[in-house]
Amino acid sequence: MTLANATVQSGRHGPPRSPRGKQAGQINRNAGTWFLVLPALIPILVLSVGPLLYGIALAFTDAQSGRTRSTQWVGVLNFQDLLHDGLFWESFRIGLFWAVGVTVPQFVLALGLALLLNENLRMRWLARALAIIPWAMPEVVVGIMWRLVYNPDAGILNETIRDLGLGDGRDWLTGLATALPAVIVVGIWAGMPQTTVALLAGLQNTPHELHEAAALDGAGAWRRFRTVTWPALRPVALSITALNFIWKTKDWRLIRPSPANPLIRTA
């Protein structure tokens, strides 16, 4: 290496930075990162985190909706009253039944549909497109459509029952015995596409060579699913099932109790 090259390289790298200079550079990078994150973080803090904390604080006071009077701190008295409220436990039971009743059958049906759509079928692209139609429909449209299906006078379900000679049909959305199963069917139908898409993505990430090797070893379809497909699909299955259960425990947009649709008994 010549003296000129050594001089150029020395000038290019420059003198070593002091610890104070490195610390200042790290602070500048952190400040730049926060500057980029703040536009997205501020709305979350103002519109989500703030109201959440305010709602938690109100739970420990005697605040009532629509009242402008000053509130008093009551501690855990509201929670004690809630634990002794029969309507709360009835609502909790119905909500748990709704969440489990939608999540479990939805996963089983979506898994079967994903396995079918993962096969090399003719017109598979069309079947995949049709499978996600319920996911693309607005919930208002879904609610109106299924109310027409369950209509006691001219609904498709009752008309089919009458045509088959199985009876005169009934009002499916009146009474807890039929209203809750009816809306569970709607919940399964409306949410199954997203579960199917997630499981199908997991199936497509499974190496095809593993299935070929298992088939060469003489493994049947069930054994290949149990030893190859399911272990690779388990993380996706657990994640989407947990998310579906969480979403359903707080999803009441398809369930709106009313005197004509008493999903929650008041007596």
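Criteria and cut-off values
Residues numbered from 1 in each chain as written. Predicted model: local features only at pLDDT ≥ 70, side-chain atom pairs only at ≥ 80, totals over all residues. Heavy atoms only, no water. Buried < 20%, exposed > 50% of the residue type's maximum accessible area, 1.4 Å probe, protein only. Helix = DSSP H or I, 4+ residues; strand = E, 2+ residues; numbered from the N terminus. Arc of directions from axis to C-beta. Contact = heavy atoms within 4.5 Å. Polar contact = N/O pair within 3.5 Å; in protein donor to acceptor, adjacent residues only side chain to side chain. Axes fitted to C-alpha atoms, helices over the stretch in contact; angles between N-to-C directions. Parallel < 35°, antiparallel > 145°, perpendicular 65-115°, else oblique. Left-handed = near helix turned anticlockwise from the far one by under 90°. Nonpolar A, V, L, I, M, F, W, Y, C, P; charged D, E, K, R; others polar. Salt bridge = Lys/Arg side-chain N within 4 Å of Asp/Glu carboxyl O. pLDDT = per-residue confidence, 0-100.

Visitor: Can you help me understand helix H7 (residues 139–149) in this one?
Guide: Every α-helix winds through 3.6 residues per turn, so residues three or four apart in the chain are directed the same way. The complete set of buried residues in H7 reads Val142, Trp146 and Val149. With its buried residues spanning 45° around the axis, H7 presents them on a single face. Turned more than 90 degrees away from the buried face of H7, the exposed residues are Val140, Ile144, Arg147 and Leu148. Tucked into the core, H7 has its buried residues touching helix H8 (156–163) and helix H9 (176–204).

Visitor: Explain the side chain of Thr178 here, please?
Guide: Within the secondary structure layout, Thr178 lies in helix H9. Assessed through its relative accessible area of 9%, Thr178 is described here as buried. Only 3.0 Å separates the side chain of Thr178 from the backbone oxygen of Trp172, close enough to count as a polar contact. In this structure Thr178 touches Arg170, Asp171 and Trp172, once residues within four positions along its chain are discounted.

Visitor: Just to check I follow, could you spell out the packing of helix H10 (residues 208–216) against helix H11 (residues 221–249) for this structure?
Guide: The geometry of a pair of packed helices is captured by two quantities: the angle between their axes and the separation between those axes. For the pair H10 and H11, the least separation of the axes is 10 Å and the interaxial angle reads 150°. Here H10 is positioned roughly antiparallel relative to H11, judged by the angle of their axes. Judged by the sense of rotation from one axis to the other, the crossing of H10 with H11 is right-handed. Together, Leu210, His211, Ala214 and Ala215 of H10 and Arg224, Val228 and Thr229 of H11 make up the contact between the two elements. In terms of residue class, the contact of H10 with H11 is built from four nonpolar, two polar and one charged.

Visitor: What exactly am I supposed to notice about the pattern of salt bridges here?
Guide: In a structure, side chains of opposite charge can pair up when their charged atoms sit close to one another. The full count for this structure, using the stated rule, is two salt bridges. Residues Arg93 and Glu90 are paired through a salt bridge, measuring 3.0 Å at the closest nitrogen-oxygen approach. Highlighted residues: Arg93 and Glu90, both in helix H4 (residues 86–117), separated by three residues, approximately one helical turn. Taking relative accessible area as the criterion, Arg93 reaches 42% and is therefore assigned partly exposed. Linking Arg162 and Glu159 is a salt bridge whose minimum nitrogen-to-oxygen distance equals 3.3 Å.

Visitor: Could you clarify how one ought to interpret the confidence of the model for the protein chain in this entry?
Guide: When pLDDT drops low, the exact placement of atoms in the prediction is not to be read closely. Chain-level pLDDT for the protein chain is 80 on average; 82% of the residues reach the 70-or-more range. When the elements of the protein chain are averaged for pLDDT, helix H1 (residues 3–13) gives the smallest value, 48, and H4 the largest, 90. For residues 6–12, every residue scores under 50 in pLDDT, and the model assigns this stretch two contacts once sequence neighbours within four places are set aside. Predicted confidence for residues 258–262 stays below pLDDT 50, and this span has nine contacts to residues more than four positions away or in other chains.

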